[in-house]
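Coordinate inspection notes
Next come the chains, spelled out residue by residue.
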Amino acid sequence: MSRPAGSAAPAQVPKLRRGRAARTSGVHYPRWYWQSFAAPAIVWLLVFFLLPLYTVLSIAFGTVDPILRTPVPVWQPWWWTTAHVAEGLDKTFGLFQTVYLRTFGYVLVASAICLVLGYAVAYYVARYAGRRKTLLLVLLISPLWISYLMRMLAWINLLQPDGYVNRVLTFLQIVPEPVGWLEGRGITVILGLVYGYIPYMILPLYAFLDRIDVDLLESGRDLGANPLSTFLRVTLPLSRPAILAGLVIVSLPMFGDYFTNTLLSGSPSTTMIGNLIDDSIYTAGQQPEAAVLIVILMLLLLIPIGYYLRSTARTAAAR
């Protein structure tokens, strides 16, 4: 199509350079410049994650010294043996099956309680705390400044036969005599998990709820929705990424937790996967079994991690 006579040629718009290279104040940064900022973290992960992981694999596929009963890691993959792996899989789907099911049950219930309680607290702080928001945030973070061991010891003092919990229950005549909370009760382990990990649920939920535009909520009310309908149709769907993040942050450490059960129960009837791993590590000749259990647990936990990554990727693509 010919250009009309006398008309000026259209200005050629320079094409933006593809890739990561950027121009700031006329300075050209090479493509690798910004990527190099990730180098320290990558080196850190290579040294302190991949090397320990390879050590665990070398022990899992290694052997045991027949005299000293100590693990002998095999660093060459072509010399790996699957004897301990097969034994670990047999125990996982046989002898340890009850322990795995119990652990999944404990983590599921504890994570659900953390979500319900944490969401309520985070929602209140984000929406109605007002001037007290900073104070409440400090109070929510303050348990993280205290050692996990000290927090569990405080929980033990509360649940002892002569602790405050039993005193209140007997005073109100809810129970006729003190309850043995520390005598191998699953509910005690679940409450201990909730007590220990609920701050990690509240913080990501609060951070996300506080960023939700209030105009969206007001638009829902203007369209005739009541507060409950606005919450279910607007707030809850928008906070789904935060819910998934909180569940991942809380539930993954629970699967490997052994300290809570050891302190609050110590009974075989409440044994979790973390306790099996801990017992195997400190039992002569059982270290390869512990390494196999660690690998199996890591593979199982890749499922929720993969779902979380896929869900967040879909959310980001939808935006």
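Our next topic: the overall build of the protein. Looking only at helices and strands, the protein features 14 helices and 4 strands. A principal-axis box enclosing the C-alpha atoms of the protein has dimensions of 100 × 65 × 35 Å. When burial is assessed residue by residue, the protein has 35% of its 319 residues classed as buried. Put simply, of all contacts in the protein between residues at least 6 apart along the chain, 64% involve residues at least 24 apart. In the form shown here, the protein has an accessible surface area of approximately 20,500 Å², with 67% of it arising from carbon and sulfur atoms. On the protein, the mean spot of the 24 positive side-chain charges and the mean spot of the 15 negative ones are 20 Å from each other.

Here we take up the pattern of salt bridges. Here the structure, examined in full by the defined rule, presents 3 salt bridges. For Glu-87, the salt bridge identified is with Lys-91, shortest N-O distance 3.7 Å. In this pair, Glu-87 and Lys-91 both sit in helix H3 (residues 83-92), 4 residues apart, roughly one turn of the helix. Given a relative accessible area of 37%, Glu-87 falls into the partly exposed group. Across the salt bridge formed by Glu-289 and Lys-91, the nearest N and O atoms sit 2.5 Å from each other. Here Lys-91 lies in helix H3 and Glu-289 lies in helix H14 (residues 287-318), a separation of 198 residues in the sequence. A relative accessible area of 9% places Glu-289 in the buried class.

Here we take up the nonpolar core. Residues Cys-114, Leu-193, Leu-205, Leu-209 and Met-254 are the most contacted members of the largest nonpolar core, which totals 62 residues. For this core, the secondary structure elements donating two or more residues are helix H2 (39-60), helix H4 (97-128), helix H5 (133-141), helix H6 (148-159), helix H8 (186-209), helix H11 (240-256), helix H13 (273-281) and H14. Leaving out residues up to four positions away in the same chain, Leu-205 has contacts with Leu-115, Gly-118, Tyr-119, Ala-122, Ala-242 and Ile-243.

For the structure on display, the rule yields 16 aromatic pairs. With a centroid separation of 4.9 Å and 65° between ring planes, the pair formed by Phe-104 and Phe-255 is classed as edge-to-face. Within this pair, whereas Phe-104 is found in helix H4, its partner Phe-255 is found in helix H11, the two being separated by 151 residues in sequence. Judged by relative accessible area, which is 38%, Phe-104 ranks as partly exposed. A residue is classified by how much of its surface remains accessible, and Phe-255, at 7% relative accessible area, is buried. One aromatic cluster in this structure is built from Tyr-148, Tyr-197, Tyr-200, Tyr-258 and Phe-259. Across from the ring centre of Tyr-164, 5.3 Å away, lies the NZ or CZ of Arg-167, which sits over that ring.

The next thing to look at is unusual backbone geometry. Most peptide bonds take the trans configuration, and most residues that are not glycine carry a negative phi. With phi around 60°, Arg-69 is a residue other than glycine that occupies positive phi space. Residue position: Arg-69 is located in the loop between strand E3 (63-64) and strand E4 (71-72).

Taken as a whole, H3 has its buried residues at His-84, Val-85, Gly-88 and Thr-92. Each buried residue of H3 sits inside an arc of 100° when the element is viewed along its axis, so together they form one side. Of the surrounding secondary structure, the elements contacted by the buried residues of H3 are H2, E3, H4 and H14.

With that out of the way, let us pick up the side chain of Thr-103. Inspection of the secondary structure assignment puts Thr-103 in helix H4. On the basis of relative accessibility, which here comes to 0%, the residue Thr-103 falls in the buried class.

Time to look at a negative patch on the surface. A cluster of like negative charges, contributed by Asp-213, Asp-215, Glu-218 and Asp-222, occupies part of the molecular surface. Turning to its location among the elements, Asp-222 is positioned in helix H9 (residues 214-222).

Before going further, it helps to spend a moment on H8. In this model, H8 (24 residues) spans 33 Å end to end at C-alpha, consistent with the 34 Å of a helix rising 1.5 Å per residue. Roughly 50° is the biggest bend found in H8, and it falls at Tyr-197, with proline Pro-199 one to four residues downstream.

Scoring rules and cut-offs
Residues numbered from 1 in each chain as written. Predicted model: local features only at pLDDT ≥ 70, side-chain atom pairs only at ≥ 80, totals over all residues. Heavy atoms only, no water. Helix = DSSP H or I, 4+ residues; strand = E, 2+ residues; numbered from the N terminus. Buried < 20%, exposed > 50% of the residue type's maximum accessible area, 1.4 Å probe, protein only. Contact = heavy atoms within 4.5 Å. Areas by Shrake-Rupley, 256 points an atom, 1.4 Å probe, with all protein chains shown as cover. Lys, Arg positive; Asp, Glu negative; His and termini not counted. Charge placed at Lys NZ, Arg CZ, Asp CG, Glu CD. Salt bridge = Lys/Arg side-chain N within 4 Å of Asp/Glu carboxyl O. Core = buried A, V, L, I, M, F, W, Y, C linked by side-chain atoms within 4.5 Å. Phe/Tyr/Trp six-rings, centres within 6.5 Å; stacked < 30°, edge-to-face > 60°. Lys NZ or Arg CZ within 6 Å of the ring centre and 35° of its normal. Arc of directions from axis to C-beta. Patch = residues over 30% accessible without salt bridge, like charges linked within 9 Å, V, L, I, M, F, W, Y side chains within 5 Å. Expected span 1.5 Å × (residues − 1). Bend = angle between axes of the 7 residues up to and from the residue.

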